[in-house]
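# Observations on chain architecture
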Amino acid sequence: ISHAAPQDCPERAAKFFVEAKDNLQRGNYETSVMLCRKVIDIATREILGEESKKEQLSQRISMLHGKGKITEQMKDWAHIVRIDSSGAVHSDEEFTKIEAEEMIGFTEVFLIYSFTLPEMVKAKQNKPEE
């Protein structure tokens, strides 16, 4: 099965997202969850740029919401995801297939909302009238 990342994602975010899906398929749920966190980490830095370099992921998520770049629901979801994923890094906490699938699902929605959708809108706006 070939995995793909949503369109118009930053290259590194796309690469790790594909790896996360691959790990999920192989049954490596902890690794899948950690890679999703990495994808969100890269994506938030990409969107916020220089001003976010020193911020923790949780702060970047709040900054994105404050700037209207993500919805309230996405912010809440992102915080849930962030808390869950730190468990995989800092302990021997185990993740189920369902939890890993949820994480992949959220990450995909985050990428589509943050990169694919804005590019689609831009393309429409720049298209000359028929």
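This text goes with the structure placed above it.
Residues numbered from 1 in each chain as written. Predicted model: local features only at pLDDT ≥ 70, side-chain atom pairs only at ≥ 80, totals over all residues. Heavy atoms only, no water.

A few words on the pattern of salt bridges. Overall, the coordinates contain nine salt bridges when judged by the stated rule. Note that K75 and E72 form a salt bridge whose closest N and O atoms lie 3.5 Å from each other. Taken together, the residues K75 and E72, both in helix α4 (residues 72-90) and three residues apart, mark about one turn of the helix. Look at K75 and you get buried, because its relative accessible area is 18%. In this structure, the salt-bridge partner of E101 is K97, at a minimum N-O distance of 3.6 Å. Here K97 and E101 lie together in helix α5 (residues 97-126), a separation of four residues that amounts to about one turn. (Salt bridge = Lys/Arg side-chain N within 4 Å of Asp/Glu carboxyl O. Helix = DSSP H or I, 4+ residues; strand = E, 2+ residues; numbered from the N terminus. Buried < 20%, exposed > 50% of the residue type's maximum accessible area, 1.4 Å probe, protein only.)

As a further point, take the environment of Q59. Mapped onto the fold, Q59 is located in helix α3 (residues 57-66). Through-space distance from the C-alpha of Q59 to that of H79 is 9.8 Å; in sequence the pair is 20 residues apart.

The subject of this paragraph is the nonpolar core. Formed by 32 residues in total, the largest nonpolar core has its most connected members in V39, I70, I104, F106, F110 and L111. Contributing elements (two or more residues each) for this core: α1 (11-26), α2 (29-48), α3, α4 and α5. The leading source of residues in this core is α2, at nine residues. In this structure, L111 is in contact with P6, C9, A13, F17, V39, A43 and T116, ignoring residues within four places of it in sequence. (Core = buried A, V, L, I, M, F, W, Y, C linked by side-chain atoms within 4.5 Å. Contact = heavy atoms within 4.5 Å.)

In this section: the packing of aromatic side chains. The description of two aromatic rings rests on the distance between their centres and on the angle between their planes. Counted by the stated rule, this structure contains two aromatic pairs. With a centroid separation of 5.0 Å and 25° between ring planes, the pair formed by W77 and F106 is classed as stacked. With W77 in helix α4 and F106 in helix α5, this residue pair connects regions lying 29 residues apart in the sequence. Residue class for W77 comes out partly exposed when judged on its relative accessible area of 35%. With relative accessibility at 4%, the residue F106 sits in the buried group. The ring of F16 carries the charged tip of K38 above its face, separated from the ring centre by 4.8 Å. (Phe/Tyr/Trp six-rings, centres within 6.5 Å; stacked < 30°, edge-to-face > 60°. Lys NZ or Arg CZ within 6 Å of the ring centre and 35° of its normal.)

Here we take up the environment of T96. Mapping T96 onto the fold places it in the loop between α4 and α5. T96 gets classed as partly exposed once you look at its relative accessible area, which sits at 42%. Considering only alpha carbons, one finds T96 and E30, 66 residues apart in sequence, at a separation of 8.4 Å.

So, about unusual backbone geometry. Of note, D8 is a non-glycine position whose phi angle comes to about 70°, a positive value. As for its position among the elements, D8 is in the segment before α1.

This paragraph deals with the side chain of S52. Relative to the assigned elements, S52 resides in the loop between α2 and α3. S52 gets classed as buried once you look at its relative accessible area, which sits at 0%. Among the polar contacts listed, one links the side chain of S52 to the backbone oxygen of G49, at a separation of 2.8 Å. Residues contacting S52, with those up to four places away along its chain left out, are T44, R45, R60 and M63. (Polar contact = N/O pair within 3.5 Å; in protein donor to acceptor, adjacent residues only side chain to side chain.)

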